[in-house]
Amino acid sequence: MTTTQDFGTYGVWRWVTGIDDAFAQATERLGFGALWVGGSPSGDLEAVERILDATDTLTLATGVVNIWKDAATDVAASFRRIEERHPGRFVLGIGSGHREATPERVKPLSAMREYVSVLESEGLQKEQMLLAALGDKTLAFSAERTLGAHPYLTVPAHTAHARTVLGDALLAPELKVVVNPDRDEARAIARSYLKGYFGLRNYVGALVRFGIDPDDIASGGSDAVIDKVAANPTAAAAVAGAREHLDAGADHVSLQVLGEDPIGSLEQIAEEIGR
């Protein structure tokens, strides 16, 4: 059974479409404890199985499977297939998506409760699941019924608060990083990537509740906001940004590297972590 310790202190988050065998193997070789398969991967979990086949010890988690896209019974069957082939190396992360993209997302917490109940009835254990969570009710539910929570696009103040809600459950926030010696270019890369996220109410609401000025988001992201949610421009800055979350109470931070050379960036970050 996967434990909090199996994730290690630092992990890597990447869209499923950007993970090939070479990227997964580099993540493992560089000593990152976990690879988060993002971008609402398909409930057949074939991508997860492929990545596990290509690696030896890396823990995988989905960040996250969207509960509106695939039936819980189908996802549970996929999980059982993978668990039989790679026991103890995969945790199923699920989430309820965004109202802007999913019109049926009316009562997301109720839907999540029902989805988890089905997964449990299909044999999944508490330690084999985790939830995308921002608000207190979802955070509390993640601690009650799963291994823990995977907040996305947050700040250290949110991490500190989430720890008080979660107790001892896994707290694994995501942090975007850009390793590029040109700070203006690094910010431009992050700002372009974040443009879509700054139009989603659940993310914006969480940022505002924990100290971000709405005007800084409305403008497309002030330099201060960009630097807070997408640590840049050096590997040292990336690690410092992750450590802010760790100091605030995170067990594990998943680094989402933006830019044209993600493996090269991860190599620099791994070297900085080892110093």
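**Q** Quick question: what am I supposed to make of the packing of aromatic side chains here?
**A** Using the criterion set out here, one finds eight aromatic pairs in the structure. Between Tyr 197 and Tyr 203, the aromatic rings sit 5.7 Å apart at their centres with planes inclined by 70°, giving edge-to-face as the arrangement. The exposure class assigned to Tyr 203 is buried, which follows from its relative accessible area of 10%. Members of the aromatic cluster, joined through ring pairs, are Trp 13, Trp 15, Tyr 152, Tyr 193, Tyr 197 and Tyr 203. The ring of Phe 23 carries the charged tip of Arg 14 above its face, separated from the ring centre by 4.9 Å. When the ring centre of Tyr 152 is taken as reference, the NZ or CZ atom of Lys 176 above it lies at 3.8 Å.

**Q** Mind showing me how you'd approach the pattern of salt bridges here?
**A** Opposite charge on two side chains permits pairing when their charged atoms draw close. Applying the stated criterion across every chain yields a total of 14 salt bridges. Between Arg 145 and Glu 120 there is a salt bridge, with its nearest N and O atoms 2.9 Å apart. Here Arg 145 is found in helix α5 (residues 136–145), whereas its partner Glu 120 is found in helix α4 (residues 108–121), with 25 residues between them in sequence. A network of salt bridges, in which partner residues are shared, links Arg 183, Arg 187, Arg 191, Asp 223 and Asp 227.

**Q** What is the right way to read the side chain of Asn 66 from this model?
**A** Relative to the elements of secondary structure, Asn 66 occurs in strand β4 (residues 65–66). Looking at Asn 66, its side chain comes within polar contact range of the main-chain nitrogen of Trp 68, at 2.9 Å.

**Q** What's the story with the environment of Ala 22 in this structure? I'm lost.
**A** Counting through the fold element by element, Ala 22 comes out in helix α1 (residues 21–29). Sequence spacing of Ala 22 and Thr 55 is 33 residues, and the spatial spacing of their C-alpha atoms is 9.7 Å.

**Q** Is there a simple way to think about the nonpolar core in this case?
**A** Grouped burial of nonpolar side chains is what soluble globular proteins tend to show. Counting residues in hydrophobic clusters, the biggest one holds 51 residues, and the most contacted among them are Leu 35, Leu 60, Phe 90, Leu 92, Ile 94, Leu 119 and Ile 269. Among the elements that take part in this core, α4 stands out by supplying six residues, more than any other. Each residue touching Leu 92, except ones within four places of it in the same chain, is listed here: Thr 62, Val 65, Val 75, Phe 79, Leu 119, Leu 124, Gln 128, Met 129 and Leu 130.

**Q** Where do I start with a negative patch on the surface in this structure?
**A** On the surface, Asp 182, Asp 184, Glu 185, Glu 260 and Asp 261 cluster together to form a negatively charged patch. Position of Asp 184 relative to the elements: it lies in helix α7 (residues 183–194).

**Q** Explanation requested: unusual backbone geometry in the structure shown.
**A** Most peptide bonds take the trans configuration, and most residues that are not glycine carry a negative phi. The step from Gly 63 to Val 64 runs through a cis peptide bond, and the omega angle for that step is 5°. Here Val 64 lies in the loop between β3 (59–63) and β4. With an omega of 5°, the peptide bond between Asn 232 and Pro 233 qualifies as cis. The phi angle at Ser 40 is positive, at roughly 50°, despite the residue not being glycine. Overall, Ser 40 belongs to the partly exposed group, its relative accessible area being 29%. Of note, the phi angle at Leu 153 is positive, near 60°, even though the residue is not glycine. Here Leu 153 shows up in the loop between β7 (148–149) and α6 (156–166).

**Q** Just to check I follow, could you spell out the pairing of strand β9 (residues 174–178) for this structure?
**A** Successive side chains on a regular strand alternate, one facing one side of the sheet and the next facing the other. Of all five residues making up β9, five are buried, and the element is well covered by its neighbours. Here β9 shows no split at all, with Glu 174, Lys 176 and Val 178 on one side and Leu 175 and Val 177 on the other all buried. Where β9 and strand β11 (residues 253–258) come together, five bridges link them in parallel fashion. If you follow Glu 174 over to β11, its bridge partner there is Ser 254. Sheet analysis places β9 next to strand β10 (residues 230–231), joined by two bridges and oriented parallel. Residue Lys 176 lies in a different strand from β10, and its bridge partner there is Ala 230.

**Q** Which parts of the structure should I look at to understand the packing of α4 against α5?
**A** Two packed helices can be described by the angle between their axes and the distance between those axes. As a packed pair, α4 and α5 sit with axes 11 Å apart at the nearest point and diverge in direction by 10°. Looking at the two axes, α4 sits roughly parallel to α5. Each of Leu 109, Met 112, Arg 113, Val 116, Ser 117 and Glu 120 in α4 lies in contact with α5, whose residues at this interface are Lys 137, Thr 138, Phe 141, Glu 144 and Arg 145. Class assignment for the residues of the contact of α4 with α5 results in four nonpolar, two polar and five charged.

Calculation rules
Residues numbered from 1 in each chain as written. Predicted model: local features only at pLDDT ≥ 70, side-chain atom pairs only at ≥ 80, totals over all residues. Heavy atoms only, no water. Phe/Tyr/Trp six-rings, centres within 6.5 Å; stacked < 30°, edge-to-face > 60°. Buried < 20%, exposed > 50% of the residue type's maximum accessible area, 1.4 Å probe, protein only. Lys NZ or Arg CZ within 6 Å of the ring centre and 35° of its normal. Salt bridge = Lys/Arg side-chain N within 4 Å of Asp/Glu carboxyl O. Helix = DSSP H or I, 4+ residues; strand = E, 2+ residues; numbered from the N terminus. Polar contact = N/O pair within 3.5 Å; in protein donor to acceptor, adjacent residues only side chain to side chain. Core = buried A, V, L, I, M, F, W, Y, C linked by side-chain atoms within 4.5 Å. Contact = heavy atoms within 4.5 Å. Patch = residues over 30% accessible without salt bridge, like charges linked within 9 Å, V, L, I, M, F, W, Y side chains within 5 Å. Areas by Shrake-Rupley, 256 points an atom, 1.4 Å probe, with all protein chains shown as cover. Lys, Arg positive; Asp, Glu negative; His and termini not counted. Charge placed at Lys NZ, Arg CZ, Asp CG, Glu CD. Pairing = 2+ DSSP bridges. Axes fitted to C-alpha atoms, helices over the stretch in contact; angles between N-to-C directions. Parallel < 35°, antiparallel > 145°, perpendicular 65-115°, else oblique. Nonpolar A, V, L, I, M, F, W, Y, C, P; charged D, E, K, R; others polar.

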